[in-house]
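Coordinate inspection notes
Residues per chain, in single letters:
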Amino acid sequence: MTQNKSVLEWIGKMKELVCPDNVVWIDGSESQLESLREEACKTGEFIKLNQEKLPNCYLHRTAVNDVARVEGRTFICSRKEEDAGPTNHWMEPQQAYKMLYDIARGSYKGRTMYVIPYSMGPIGSPFAKIGVELTDSIYVVLNMSIMTRVGEKVWDVLGDSNDWVRGLHCKCDVDPEKRYICHFPEDNTIISVNSAYGGNVLLGKKCFALRIASYLGKNEGWMAEHMLILGIENPKGEVKYVAAAFPSACGKTNLAMLIPPEVYRKKGYKVWTVGDDIAWMRIGPDGRLWAINPENGFFGVAPGTNEKSNPNALRTTQSGTIFTNVAYNKDDGTVWWEGLDHNPPKNGIDWTGKPWDGTTSTEKGAHPNSRFTAPAKNCPCISPEFDSPNGVPISAIIFGGRRAHTTPLVYQSRSWNNGVFVGSIMASETTAAATGAVGVLRRDPMAMLPFCGYNMGDYFAHWIEMGEKLGDKAPKIFNVNWFRVDENGKFIWPGFGDNLRVLEWILNRCEGKADAVETPIGYVPKAEDINLEGLDLTLDTLKSILYVDKDEWTKEAADIEEFYKKFGDKLPKELRAELEGLKARLK
Ligand code: GTP
Ligand code: SPV
Ligand code: MN
């Protein structure tokens, strides 16, 4: 426990509001966690899986109306509306507090308040930040204990400081009409009510490590980004790190854990996972950009994860993992999801809790946004630098989206500012990671549309400013698209492990070792410079996905112009100039 006055005062105030029957302080000990797991099994919140096949693994099902982030009910409650900006929902803070307190009042009656002290980033690292989450959900406690560094040590590091993020989570009745995820960046506070799902309630993740942290980063001169961090070791044993921003369910976990194609493995290439979702980046004493992963686990998309697509992820989930909304196999007490293998359970239970026969049913067994929560240390390719308090130096920043057409497999930006432009115009087809229609193309700057805690125009300006500070030590900026489709709607690029072929070109470019072809949007590889050895893909097919179509991009430029209008005079003049430059090159 702690004597920290600001903590005790706030908890006291929240206790009075929500009226718990009792309060449990989470100390991070295995014995405490184990008793919570047992309790969750008793109440049915958890199902204990086959402990021989999946030791210490559990299954949890959420309410059917509570299966993804709710962007429409997520608010940035800054004092001035303008500070939330045109891409966020805004609520006036006093009005928001009143509404949330009215919903939260008395909602812990008959329940327990769990107090979770956690660190985002290795405890005591200069990058790390501390949070306290209050919750009435054991599921949240057990997930937070995997996803963040939880326990007594956090109080020691915090001491009597007031610099910590307050998080109140109230499950209430999981009523979707009263569900709100509200952020008060100016008060270091997050309040989440009426949900019990992932990103809505594991407040250290998107709420703190992106929405609040992006605001802190702007004020303190660092960056909080929706990026994986990956180390690529070449046959000489040199490791280079890249950070990549893709929207939700667009391939971060997969790229972060990729297994090199056989031809690369034989040569001695290795890949090391530092993070799969969030990067906090600072300029180091050497002037380069250094990154840590503030998380301690992976909250990954289950469907599509299999022995071929992502064996490392699969292995990571074989112990100590919580599965959410996947299918259950009653015969052997294991779990299943679409795309795991061709043997769905005959005698199963689907993600909604109904009996399900995977061999005859056309219904899905697992929800498309079903997830695993797995400890980072389980990952066979976890980087030796994972816990490093100073992070890893970033050579390249990669943006990417899910686009059936228009965007080539890979291109390099012309400069840092041009790279910021490339990030700002990212567009991607929506996925099941958020509620709403799937497959709709939308602009998602830097994959941060749902996660930027302040005015996106100011966020662009912050990127430009970081580039000025980094100067010639700035990482090079690239864009990738694994998702171009042919006339039958099939993905053309094999993706997954084979994405290393593109990463190799990217790293070669960073070291001035590869050639490129200049196009209006930036530099694309000469097709011959992408290693296709061992791949069933012709040079002509590769050329077709490297091609930059001027007509398509002219339409794209007009659409970007429209999109940019949103930001009014908050749009940095540098980005306006980049757009004009693109238009001129397309003429
Ligand atoms: P969040 O956790 O929501 O932020 O998602 P993520 O960006 O980590 O996405 P993830 O790696 O879990 O991938 C989501 C989906 O994209 C899965 O269904 C994958 O099978 C698919 N996917 C990932 N990489 C590739 C790729 O290189 N090519 C193709 N075609 N699909 C991919
Ligand atoms: C995402 O949607 O980008 C996720 C899952 O990583 S959640 O934690 O629900 O935000
Ligand atoms: Mn994510």
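Remember, it's a predicted structure, so these values are computed and weren't measured experimentally.

**A word on the nonpolar core**
- With 94 residues, the main nonpolar core has W280, M281, I397, F399, W463 and Y564 as its most contacted residues.
- Counting residues per element, this core draws most heavily on helix α5 (residues 138–147), at eight residues.
- The residues contacting M281, other than those within four sequence positions of it, are F127, W222, M223, E225, M227, A243, L289, W290, A291, I394 and I397.
- With 40 residues, the next largest nonpolar core counts V263, L500, V502 and L546 among its residues.

**Quick notes on the pairing of strand β24 (residues 371–375)**
- Among the five residues in β24, five count as buried, and that is most of the element.
- Sheet topology note: the strand β18 (residues 297–301)/β24 ladder contains five bridges and is antiparallel. Among the inter-strand pairings, F299 is bridged to a residue of β24, identified as T373.
- Where strand β19 (residues 322–324) meets β24, three bridges bridge the pair, whose relative direction is antiparallel. By the bridge assignment for β24, F323 is matched with F372.

**Some points on the site of ligand 2**
- Around ligand 2 sit R69, Y197, G199, K205, K206, H226, S248, D277, F299, R371, A433 and F451, and those are all the residues in its vicinity.
- Protein burial of ligand 2: of its 290 Å² of free accessible surface, 98% is covered by the chains.
- Classifying every residue of the shell around ligand 2 gives four nonpolar, three polar and five charged.
- Counting contributing residues per domain, the shell around ligand 2 is built from domain 1 (5–44 + 70–221) and domain 2 (225–295 + 384–586), each supplying no fewer than three.

**Considerations on empty space enclosed by the protein**
- Using the criterion set out here, one finds four cavities of 30 Å³ or more in the structure.
- Roughly 100 Å³ of internal volume is contained in the largest cavity.
- Forming the walls of the largest cavity are 15 residues, and the residues nearest its centre are R403, T407, M426, A427 and N479.
- Contributions of two or more residues to the lining of the largest cavity are made by β29 (476–480) and α16 (550–565).
- Of the residues belonging to the lining of the largest cavity, the class tally is seven nonpolar, five polar and three charged.
- Within this model, the second largest cavity holds a volume of roughly 40 Å³.

**Some thoughts on the packing of aromatic side chains**
- Tallied over the full model, the rule gives 25 aromatic pairs.
- Arranged with centres 6.2 Å apart and planes meeting at 75 degrees, the rings of F421 and Y564 form a pair that is edge-to-face. With F421 in helix α12 (residues 416–424) and Y564 in helix α16, the pair connects residues that are 143 residues apart, well separated along the chain.
- Residue F421 is classed as buried on the basis of its relative accessible area, which comes to 3%.
- With centroids separated by 6.2 Å and ring planes inclined at 70 degrees, the aromatic side chains of Y454 and Y459 adopt a geometry described as edge-to-face.

**Considering the pattern of salt bridges**
- Going through the model one piece at a time under the given rule, you end up with 33 salt bridges.
- Residues E186 and R79 are paired through a salt bridge, measuring 3.7 Å at the closest nitrogen-oxygen approach. Of this pair, E186 sits in the loop between β10 (180–184) and β11 (189–193) while R79 sits in the loop between β4 (74–76) and α3 (81–84), and the two are 107 residues apart along the sequence.
- Across the pair D387 and R149 runs a salt bridge, and its minimum N-O distance is 2.8 Å. Of the two residues, D387 is situated in the loop between β24 and β25 (392–400) and R149 in strand β8 (residues 149–150); the sequence distance between them amounts to 238 residues.
- Exposure remark for D387: the relative accessible area of 47% places this residue in the partly exposed category.
- Judged by relative accessible area, R149 falls into the buried class, the value being 8%.
- Members of the salt-bridge network, linked through shared partners, are K205, K206, K252, D277 and E295.

**Concerning the coordination of the manganese ion (ligand 3)**
- Looking at the manganese ion (ligand 3), the protein donor atoms are K206 (NZ), H226 (NE2) and D277 (OD), and they sit 2.1 to 2.4 Å from it.
- Metal-centred angles of 65 to 174 degrees between the six donor atoms at the manganese ion (ligand 3) mark the site as irregular.
- Counting residues between consecutive donors of the manganese ion (ligand 3) along the chain gives the motif K-x19-H-x50-D. With K206 in helix α8 (residues 204–220) and D277 in the loop between β15 (270–275) and β16 (279–283), the pair connects residues that are 71 residues apart, well separated along the chain.

**Quick look at the sheet that holds strand β23 (residues 355–356)**
- Spatially, four strands are ordered β21-β20-β22-β23 in an open sheet, and the strand pairing comes out antiparallel. Whereas interior strands pair on both sides, the edge strands pair on one side only; in this sheet they are β21 (334–336) and β23.
- Examined bridge by bridge, strand β22 (residues 348–349) and β23 share two bridges and lie antiparallel to one another. Within β23, the position partnered with G348 by the bridge is W356.

**Structural notes on the sheet that holds β18**
- Strands sit in the order β2-β3-β19-β24-β18 across an open sheet of five strands; the sheet is mixed. In the strand order of this sheet, the two ends are held by β2 (47–48) and β18, each with one partner.

**With respect to the domain arrangement of the chain**
- By domain assignment, the chain separates into domain 1 (5–44 + 70–221), domain 2 (225–295 + 384–586) and domain 3 (298–378).
- Between domain 1 and domain 3, the C-alpha centre-to-centre distance is 28 Å.
- Contacts between the two partners involve ten residues from domain 1, matched on the other side by eleven residues from domain 3.
- Of the roughly 770 Å² buried at the junction of domain 1 and domain 3 (both faces included), carbon and sulfur atoms supply 69%.
- On the domain 1 side of the interface with domain 3, the three residues burying the most area are I146, M147 and Y197, jointly 61% of the side's total.
- At the boundary of domain 1 and domain 3, one finds zero salt bridges.
- Summed over the shared surface of domain 1 and domain 3, the number is three residue pairs in polar contact (both at pLDDT 80 or more).
- When contributions to the side of domain 1 that touches domain 3 are tallied by element, the ones reaching two or more residues are α5 and α7 (198–201).
- With five residues, the single largest contributor to the side of domain 1 that touches domain 3 is α5.

Cut-offs applied
Think of each chain on its own: its residues are numbered from 1, step by step along the sequence as written. Following the order in which they are written, the chains are lettered starting with A and the ligands numbered starting with 1. Reporting in this predicted model follows two pLDDT cut-offs: at least 70 for local features of residues, and 80 or more for side-chain atom pairs to be given and counted; totals over whole chains, interfaces and linings ignore these cut-offs and use all residues. With hydrogens and water excluded, all non-hydrogen atoms of the structure serve as input to the side-chain values. Buried Ala, Val, Leu, Ile, Met, Phe, Trp, Tyr and Cys residues form a nonpolar core when they are joined through side-chain atoms within 4.5 Å. Note on exposure labels: buried denotes an accessible area under 20% of the residue type's maximum, exposed denotes more than 50%, and partly exposed covers the range between, all computed with a 1.4 Å probe on protein chains only. Here a strand is any run of E in DSSP of at least two residues, a helix any run of H or I of at least four, and the numbering for each starts at the N terminus. We call two residues in contact whenever any of their non-hydrogen atoms come within 4.5 Å of each other. At least two bridges found by DSSP between two strands are what make those strands a pair. Whether a residue is near a molecule or strand depends on its heavy atoms: it is near if one of them lies within 4 Å of it. Working definition of accessibility: Shrake-Rupley area with a 1.4 Å probe, residue cover restricted to the visible protein chains. Nonpolar residues are Ala, Val, Leu, Ile, Met, Phe, Trp, Tyr, Cys and Pro. Charged residues are Asp, Glu, Lys and Arg, and all others, Gly as well, are polar. An automatic or database domain assignment supplies the residue ranges for each domain. Buriedness for pockets is judged along seven lines, at least five of which must meet protein on both sides within 12 Å for an open set on the 1 Å grid over protein atoms alone, while cavities are sets there where a 1.4 Å probe fits but cannot get out, and lining residues have an atom within 4 Å of a point. Grid points are joined across faces, edges and corners, and a volume is the space filled by probe spheres set on the points. Paired rings are identified among Phe, Tyr and Trp, the last through its six-membered ring, by centres lying within 6.5 Å, and are further divided according to the angle between planes into stacked (under 30 degrees), edge-to-face (over 60) and tilted (the rest). By salt bridge we mean one thing: a side-chain nitrogen of Lys or Arg within 4 Å of a carboxyl oxygen of Asp or Glu. Coordination partners: N, O, S within 2.8 Å of the metal, 3.2 Å for Na, K and Ca; water not considered, so apparent gaps in a site are possible. The rule is simple: four donors are tetrahedral if all their angles sit between 85 and 135 degrees, four are square planar and six octahedral if opposite donors span more than 155 degrees and the others lie between 65 and 115, and anything that fits none of that is irregular. By buried area we mean how much accessible surface two parts lose on assembly, using a 1.4 Å probe and totalling the loss over both. Residues adjacent in sequence count toward polar contacts only when both atoms are side-chain atoms; beyond that, a polar contact is any pair of N or O atoms within 3.5 Å, and within protein one must be able to donate a hydrogen and the other to accept it.

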